[in-house]
Structure formats: C-alpha cells, structure tokens
Amino acid sequence: MEQDSEPSNDNPKPSKSEKPPAAKGQAFIDEERCKGCSYCVVFCPTEVLAMGGRLNRKGYHLPEVVNPEKCNGCDMCGLFCPDFAIFGVRNKKKKDGGE
Amino acid sequence: MSDAPTNSTPTNPVEKLLRMERIPHIWCPGCGVGTSVNCFARALDKTDIDYDNLHVVSGIGCTGRVAGYVNVDSFHTTHGRAIPFATGLAIARPEAKVVVYSGDGDLFAIGGNHLIHAARRNIDMTVICVNNFTYGMTGGQVTPTTPYSAKATTTPYGNFEDTFNLPNLVESCGAVYVARWTVYHVRKLIKSMTKALNTKGFSFIEVIAQCPTLYQRRNKLGDGVMALQYYKERSTVQNGAPTVDVGLDYQSDIIVGEFVDKPRPTFMDKYNTRMTEILGNKFVPYEGVK
Ligand SMILES: Cc1ncc(C[n+]2csc(CCOP(=O)(O)OP(=O)(O)O)c2C)c(N)n1
Ligand code: SF4
Ligand code: SF4
C-alpha cells in the first residue's frame, strides 16, 4: 500500500517559541528492576511510554518516557507493574498554591 | 497516588510494605503474581491495620513466595498448610489480622480440606488465592482449576477433568466475603482487597492471573499482554452474581465482581456464645493467648 509521505501529525511537538503546558504528572522508572513486560506501555491511557531500544544490565528491554507532557500521574503504569519498577505521581500545582 | 514532594525523587508507594533488599523477585517477566502483590501493598496502605499486628502466611508455589517479599511478620509454610498455620495464629491472636496468600494448587489441591473447614468455621482470616490455572513452581502440571481441554505437562492431550468453581466452593462452605477479579482489574482489586482486609470472618478473593511462562506458552496463548487483553475483553463485572453461575471454561467469558458479602458470627464468637450459654458467668470468655 502507498504510504503517506507526510509524517503523522497525531502528536504534534510543541514549537520552541511556545512554552509547553506543564505536565500534570510524572512517571519514574527504576531501570534495574524492570523485566521488560511492557504492561506500563500498553496500559498507559495517554501513551506517555514506549518500548525503547535500550537494555538494562540483565538484558531486558526498557520502557522509555516518550511523551512526558501527556502524563497525568494516574499511576496506571505503577498499578500494573509486576516488578515495582515504575510509578506515576501527580505534580503539585505551583500557581495558586494548592490542589 | 501520592503527590510528588518538591525537589526530590519520590519513592514508589509500595516500597514501605515490601522487603526491597530481596527485589528483583524470582517471578518471571510479566508474571501476574507481581501485579497482585502490587495491588495488595496498595490495599494495605488504604486500611488502618497496624502492621505490627498483621501476619501474612503462604504455602509453597510461585505465589507462595509472597510471604518472603512482604515486609511484615510473615511465614512461608509447607505445601498446602498455610491455612492450618494461619488458623492457629488467628485463634491465638484474635486481635491480629491474618492473611493467607497462596496459589490455587496450594489452597485447593493439597490444601483443599483445610480451606473448606476454615471457611465452615468462619475463622477470622483473609485468603487471597492467585489462580493461574496451573502449578507454576513445579513446571506447569494440571490443577483442580485447569479448565477442560487446557494443556499441562500432565495432560498433554488436554485436561479432561471437571474443575472447581472457587467462589461457589468457598461460598457453600460458609465464607462471609467472596470476590473474584483478574489482574487486569487493578483498581477494583485494590478496593476489594481493602474490603476483605476490613471484614471480620473468612473472606476470600480469587485473583485470576497470567503465568506466561507455563500456562500461556504451553497453550499457545501468547504473552502476558495477550492474557491481560483477554481479561479486559472477556470479563464482565457482575456484583452479587450467584456463584453457581461463575464457573470458568477454557478461554471463556469471565464473570468478576463481589459475589458474597454476608456477615455471620466467627469461630471465636460462637465458641464464647456457646460456652456462656452453658456455663454462665463461670465461663471467662476467650480473648486470645495473653
Ligand atoms: C508436600 C509437597 N508436595 C508437593 C510439592 C511440590 N510442589 C511445590 S509447589 C507445587 C504447586 C504450586 O502450585 P500453586 O499452588 O498453584 O502455585 P503457583 O506456583 O502456580 O503460584 C507443588 C506441587 C511440595 N513442595 N510439597
Ligand atoms: S502515571 Fe498514568 S499517564 Fe503517567 S505514564 Fe503512568 S500510566 Fe501514563
Ligand atoms: S512459572 Fe508462571 S506463575 Fe511461576 S513465576 Fe513464572 S510466570 Fe509466574
């Protein structure tokens, strides 16, 4: 099948001049605990993560944060992880000093 | 969900409940037991249980290793004997919360008789049974929960035996709280575990979980992601469903939910009531070994 020559514009990257909106959350990965099951990648509702090309010391494929701005800190990745190797947290709102 | 403390890397909320020096654990990549423990640690965090008064007891098996990873008073018993050990503990220390965390083979094959009597007597304990439809630890033999036609090392032509319907079995024996979830239902599982932990009497949760290494592979069912997709697509939540209707077939629809929630007096309540009836104020109600 003919491929569109235009790159997909589904996930537009924020341009340098505009400041990207602050992410609502953040995911933390402990790479040496990971066994590469990919559950966090598959069950993240906002496609923050992807399996990358890197391996950890034991040779397991690691997930990577590819769309940090989309993370809402829901912790779905953390709940599914069988190895306690990832979790998500909500960022504290900075502006009006409270939730 | 915890909030990120400013200017420092937060720690995983489950770490305080696990023996982190023993992690990475022995479970295979993608093993559902790990996800269930993750949910268990978060459920414990949501209760007011005093961790000094909490005991986790396991038998033998992949799931049986849970006792070795939780950072509370725990005991790894012999195969099938988690329930008798926990029964003694629950009776000697009625103020404690006793949790039995083990596999379907450990609890329903070799340990089946103990389990039915603990439910009948309404011993005050929470039983979490990880059902992966096989004996994981010993290489994938058939169990009383292996569905009809599923392959195991001991059933190379497919299993021909009938299976136990675990929620129905424990309800018939008298359990006061009975639920089933899969490890896809992480949030509902946490909520249900919290409820079971706060329930007085014999509470039981069946956690359907994938064994990618043995059950999935031998039956050519793909990897752990495919197991979770199957749980997602074929499960329906039916709280209060009659347990007689929730039996499982090979790769069939899965009914999940809270099926039973009906309190009744515990073993200890009944003992004290009966003895008081007979002996009156000559009887000093039993309150544990002091
Ligand atoms: C008395 C005795 N019989 C048999 C065994 C071998 N054995 C160890 S674990 C196990 C079955 C484990 O299956 P299950 O309880 O379903 O747990 P899983 O490994 O699947 O989590 C068996 C038969 C044993 N350790 N002790
Ligand atoms: S916290 Fe939620 S949104 Fe963020 S990476 Fe994890 S699953 Fe995705
Ligand atoms: S053999 Fe199966 S149950 Fe045991 S750790 Fe591996 S995946 Fe889990």
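A brief report on the enclosed structure follows.

Analysis parameters
- Residues numbered from 1 in each chain as written.
- Chains lettered and ligands numbered in written order.
- Predicted model: local features only at pLDDT ≥ 70, side-chain atom pairs only at ≥ 80, totals over all residues.
- Heavy atoms only, no water.
- Helix = DSSP H or I, 4+ residues; strand = E, 2+ residues; numbered from the N terminus.
- Rg over C-alpha atoms; globule rule 2.2 N^0.38 Å.
- Buried < 20%, exposed > 50% of the residue type's maximum accessible area, 1.4 Å probe, protein only.
- Contact = heavy atoms within 4.5 Å.
- Areas by Shrake-Rupley, 256 points an atom, 1.4 Å probe, with all protein chains shown as cover.
- Lys, Arg positive; Asp, Glu negative; His and termini not counted.
- Charge placed at Lys NZ, Arg CZ, Asp CG, Glu CD.
- Salt bridge = Lys/Arg side-chain N within 4 Å of Asp/Glu carboxyl O.
- Near = heavy atom within 4 Å.
- Nonpolar A, V, L, I, M, F, W, Y, C, P; charged D, E, K, R; others polar.
- Pairing = 2+ DSSP bridges.

1. Describing the overall build of chain B
Of regular secondary structure, chain B possesses 10 helices and 8 strands. On C-alpha atoms alone, chain B measures out to a radius of gyration of 19 Å, which is about the 19 Å that the 2.2 N^0.38 rule sets for 290 residues. Dimensions along the principal axes, computed over C-alpha positions, put chain B at roughly 65 × 60 × 35 Å. Split into buried and exposed, the 290 residues of chain B put 56% on the buried side. Long-range pairs, those at least 24 residues apart, make up 70% of the contacts in chain B with a sequence separation of at least 6. Accessible area of chain B: about 12,700 Å², with a carbon and sulfur share of 53%. Taking the average place of the 29 positive charges on the side chains of chain B and the average place of its 26 negative ones, the gap between the two points comes to 2 Å.

2. Digging into the pattern of salt bridges
Summed over all chains, the structure comprises 16 salt bridges over all chains. In this structure, A:Glu64 and A:Arg54 form a salt bridge, with 3.2 Å as the shortest nitrogen-oxygen distance. Residue A:Glu64 is located in strand 3 (residues 61-65), and its partner A:Arg54 is located in strand 2 (residues 49-55); the two are separated by 10 residues in the primary sequence. Residue class for A:Glu64 comes out partly exposed when judged on its relative accessible area of 25%. Its salt-bridge partner being B:Lys195, residue B:Asp261 comes within 3.1 Å of it at the nearest N-O pair. Of the two residues, B:Asp261 is situated in strand 8 (residues 254-261) and B:Lys195 in helix 7 (residues 186-197); the sequence distance between them amounts to 66 residues. Residues participating in the shared-partner salt-bridge network are A:Asp30, A:Arg33 and B:Glu15.

3. Let's talk about the site of ligand 3
The environment of ligand 3 is formed by B:Trp27, B:Cys28, B:Cys31, B:Cys62, B:Asn132, B:Gly136, B:Cys211, B:Pro212, B:Thr213 and B:Leu214. Along the lines of polarity and charge, the residues of the shell around ligand 3 split into 7 nonpolar, 3 polar and no charged.

4. Points about the pairing of strand 3 of chain A
All names here are of chain A. Where strand 2 lies against strand 3, 4 bridges are found, and the strand directions are antiparallel. Within strand 3, the residue paired with Ala-50 across the bridge is Glu-64. Counting the residues that bridge the hairpin from strand 2 to strand 3 gives 5 residues, and of these Gly-59 lies at a positive phi of roughly 95 degrees.

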